[in-house]
Amino acid sequence: QVQLVESGGGLVQAGGSLRLSCKVSGTISGIRVMAWFHQTPGNQRQLVASITRTGNTDYADSMEGRFTISRDNAMRTVYLQMNNLKPEDTAVYYCTAEVMVGGTNYYRSYWGQGTQVTISS
């Protein structure tokens, strides 16, 4: 069974920093794209940043320059370093990964349970 477990959320003041982590566990043959989304009440999940297996990254316009996504393939972990945080960054942050489960030959997406990030003004 594949699981994604996030950590690192919390409450910080505007201008502060947080680092989120998300570790993938289970019997896995490969992990393709990994990404972070965020969601506020009443709204759909929106992409924050994504990273391919080879390290190519993509960011939402409002996050570029403040957030950095990275991954450790050996540790099956994706990170999101968030700097200069703003109150509007307050949301539940979810990680997702395209995973090939061992014994299969296709990728499917899995999601973590989410971690709350709250930025006070």
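Residues numbered from 1 in each chain as written. Predicted model: local features only at pLDDT ≥ 70, side-chain atom pairs only at ≥ 80, totals over all residues. Heavy atoms only, no water.

Enquirer: What exactly am I supposed to notice about unusual backbone geometry here?
Expert: Leaving glycine out, the prevailing phi sign among residues is negative, and the prevailing peptide bond configuration is trans. The backbone phi angle of R76 is positive, close to 55 degrees, even though this residue is not glycine. Within the secondary structure, R76 is located in the loop between β7 (67-72) and β8 (77-82). Unlike most non-glycine residues, N84 shows phi in positive territory, near 50 degrees. Assignment of secondary structure puts N84 in the loop between β8 and β9 (91-101). (Helix = DSSP H or I, 4+ residues; strand = E, 2+ residues; numbered from the N terminus.)

Enquirer: Sorry, what's going on with the packing of aromatic side chains here?
Expert: For the coordinates displayed, the defined rule picks out one aromatic pair. Of note, R32 hangs over the ring of Y107, and the distance from its end group to the ring centre comes to 4.2 Å. The positively charged end of R45 is found above the aromatic ring belonging to W111, 4.7 Å away from the centroid. (Phe/Tyr/Trp six-rings, centres within 6.5 Å; stacked < 30°, edge-to-face > 60°. Lys NZ or Arg CZ within 6 Å of the ring centre and 35° of its normal.)

Enquirer: Would you mind showing me how to read the environment of R32 here?
Expert: Looking at the element boundaries, R32 is found in strand β4 (residues 28-39). For R32, a relative accessible area of 36% corresponds to the partly exposed category. As a C-alpha pair, R32 and R66 span 34 residues in sequence and 24 Å in three-dimensional space. Dropping the residues within four chain positions of it, R32 is found in contact with I51, T52, R53, R71, E98 and Y107. (Buried < 20%, exposed > 50% of the residue type's maximum accessible area, 1.4 Å probe, protein only. Contact = heavy atoms within 4.5 Å.)

Enquirer: Help me out: how do you make sense of the pairing of strand β10 (residues 107-111) in this one?
Expert: For a regular strand, side-chain orientation follows a simple rule: the groups alternate between the two sheet faces. Examined bridge by bridge, β9 and β10 share five bridges and lie antiparallel to one another. Looking at β10, one finds that V99 is bridged to R108. (Pairing = 2+ DSSP bridges.)

Enquirer: Please clarify how the state of the cysteines should be interpreted in this entry.
Expert: Every disulfide links exactly two cysteines, by a covalent bond between their sulfur atoms. Evaluation of the coordinates by the stated rule reveals one disulfide. Covalent S-S linkage joins C22 and C95, the inter-sulfur distance amounting to 1.9 Å. Given an S-S torsion of about 45 degrees, the disulfide between C22 and C95 has right-handed geometry. Here C22, found in strand β3 (residues 18-25), pairs with C95, found in strand β9; they are 73 residues apart in sequence, far enough to count as distant. We note that C22, like C95, is buried. (Disulfide = S-S within 2.5 Å.)

Enquirer: I tried to follow the sheet that holds β8 on my own but got confused; where do I start?
Expert: Across a sheet, paired strands are connected by hydrogen bonds in the backbone, their directions being either parallel or antiparallel. Reading across from one edge, β1-β3-β8-β7 is the order of the four strands in this open sheet, with antiparallel pairing throughout. Either end of the sheet is taken by a strand with one partner, and the two such strands are β1 (3-7) and β7. Shown here is a sheet whose adjacent strand axes are inclined to one another by a mean of 15 degrees, direction ignored. In this sheet, β8 lies alongside β3 in antiparallel orientation, the contact comprising six bridges. Of the residues in β8, the one forming a bridge with L20 is L80. (Axes fitted to C-alpha atoms, helices over the stretch in contact; angles between N-to-C directions.)

Enquirer: Explain the side chain of S50 to me, please; I cannot follow it from the model alone.
Expert: For S50, the position within the fold is in strand β5 (residues 46-51). The buried category is assigned to S50, whose relative accessible area is 14%. Excluding residues within four positions of it along the chain, S50 makes contact with V33, M34, A35, N56, T57, D58 and I69.

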